[in-house]
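# Working through the structure, step by step
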Amino acid sequence: MTTTYAALLRGINVSGHRRVPMAELRELLSELGHRDVRTYLQSGNAVFTSDSDDESALATALERAIERRFGFTVDTLVRGAAYLRAVAEECPFPAATLEAKQLHATYFSGPVNAERFAGVDRAAYLPEDFRLGDRVLYLYTPNGLGRSKLAEALARPGLLKGVTATSRNWNTVVKLVELTRA
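Below is a summary of the structure that appears in this document. (Residues numbered from 1 in each chain as written. Predicted model: local features only at pLDDT ≥ 70, side-chain atom pairs only at ≥ 80, totals over all residues. Heavy atoms only, no water.)

Let us look at the pattern of salt bridges. The full count for this structure, using the stated rule, is 10 salt bridges. The closest approach of N and O atoms between R135 and D134, which form a salt bridge, is 3.5 Å. What makes R135 buried here is its relative accessible area of 17%. Taking the relative accessible area as the measure of exposure, D134 reaches 45% and is therefore partly exposed. Here the salt bridges do not stand alone but share partners, grouping E55, R79, D134 and R135 into one network. (Salt bridge = Lys/Arg side-chain N within 4 Å of Asp/Glu carboxyl O. Buried < 20%, exposed > 50% of the residue type's maximum accessible area, 1.4 Å probe, protein only.)

Next comes the structure, spelled out in structure tokens:
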């Protein structure tokens, strides 16, 4: 059975560092045997179809191929269309009424629980807020991510130890759902 996936690459093409041209990423995904390869933006979003049902193996294969081609490691998450759609549908914030810069999804490589974030004093950051979902953290930042003190607190290495995390603004979340729709 063929599944449509999104590959979410972490921390590429930021301020000229860890440069991965999207044309080369598309080529690399095709060389790995994936079909219908497309990219979205320069920040590391690719969509493809595969007969594999193993997101972790797909991510690992892409990480290794990127390291061979470009000479550096890029943490990569691969998520299927159904999961991406569920993330968008289960958003606990009123996504339709917010600007894209105000709402973000941080995707995690594995499950995270509320206990991991128990030390974050949510009241101290209001009106900013976050909620957890299935391998995702929804982050509401009314003044944008760049000015968010809560985003800084949530990105502390101790909180994210043992998981890969990569964030996307809500426009990208919605676009990835559209691009992976069968």
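A separate point is the sheet that holds strand β2 (residues 35-40). Ordered in space as β2-β3-β1-β4, the four strands form an open sheet in which the pairing is antiparallel. For this open sheet the edge positions go to β2 and β4 (76-80), each flanked by a neighbour on one side alone. Put simply, the sheet's adjacent strands are angled 20° from each other on average, direction ignored. Judged from the six bridges that link them, strand β1 (residues 3-9) and strand β3 (residues 45-50) form a sheet pairing that is antiparallel. (Pairing = 2+ DSSP bridges. Helix = DSSP H or I, 4+ residues; strand = E, 2+ residues; numbered from the N terminus. Axes fitted to C-alpha atoms, helices over the stretch in contact; angles between N-to-C directions.)

What follows covers the nonpolar core. Within the largest apolar cluster, 22 residues are counted, with the highest numbers of intra-cluster contacts made by Y107 and W170. The leading source of residues in this core is helix α6 (residues 170-180), at five residues. Residues contacting Y107, with those up to four places away along its chain left out, are L8, L77, Y83, L84, V87, R135, V136, T164, A165, T166, R168 and V173. Ranked by size, the runner-up nonpolar core spans 21 residues in total, among them V37, A59, I66 and F70. (Core = buried A, V, L, I, M, F, W, Y, C linked by side-chain atoms within 4.5 Å. Contact = heavy atoms within 4.5 Å.)

Each pair of packed helices gets described by two things: the angle between the helix axes and the distance between those axes. The contact between helix α1 (residues 22-31) and helix α2 (residues 55-70) brings their axes to 10 Å, and the two run at 125°. Regarding the angle of α1 to α2, the classification is oblique. Relative to α2, α1 is oriented so that their crossing is right-handed. Contacts between α1 and α2 involve E24, L25, E27, L28, L29 and E31 from the former and L62, A65, I66, R69 and F70 from the latter. Counted by class, the contact of α1 with α2 contains seven nonpolar, no polar and four charged residues. (Parallel < 35°, antiparallel > 145°, perpendicular 65-115°, else oblique. Left-handed = near helix turned anticlockwise from the far one by under 90°. Nonpolar A, V, L, I, M, F, W, Y, C, P; charged D, E, K, R; others polar.)

Moving on, we come to the pairing of strand β5 (residues 103-108). Taking burial as the measure, the six residues of β5 include six buried ones, the bulk of the element. Side chains of β5 alternate between two faces, with L103, A105 and Y107 and H104, T106 and F108 buried alike. When β5 meets strand β7 (residues 136-140), the two strands line up antiparallel, connected through five bridges. Paired with L103 across the strands is Y140, a residue of β7. In this structure, β5 lies alongside strand β8 (residues 165-169), joined through five bridges in antiparallel fashion. From the neighbouring strand, F108 faces β8, where its bridge partner is A165.

Right, let's talk about the environment of E90 for a bit. Following the sequence through the fold, E90 ends up in the loop between α3 (81-89) and β5. In sequence terms E90 and D134 are 44 residues apart; their C-alpha atoms lie 9.4 Å from each other.

Attention now moves to the side chain of T49. For T49, the position within the fold is in strand β3. On the accessibility criterion, T49 (6% relative accessible area) is buried. Of the polar contacts made by the side chain of T49, one reaches the side chain of D36; its length is 3.0 Å. (Polar contact = N/O pair within 3.5 Å; in protein donor to acceptor, adjacent residues only side chain to side chain.)

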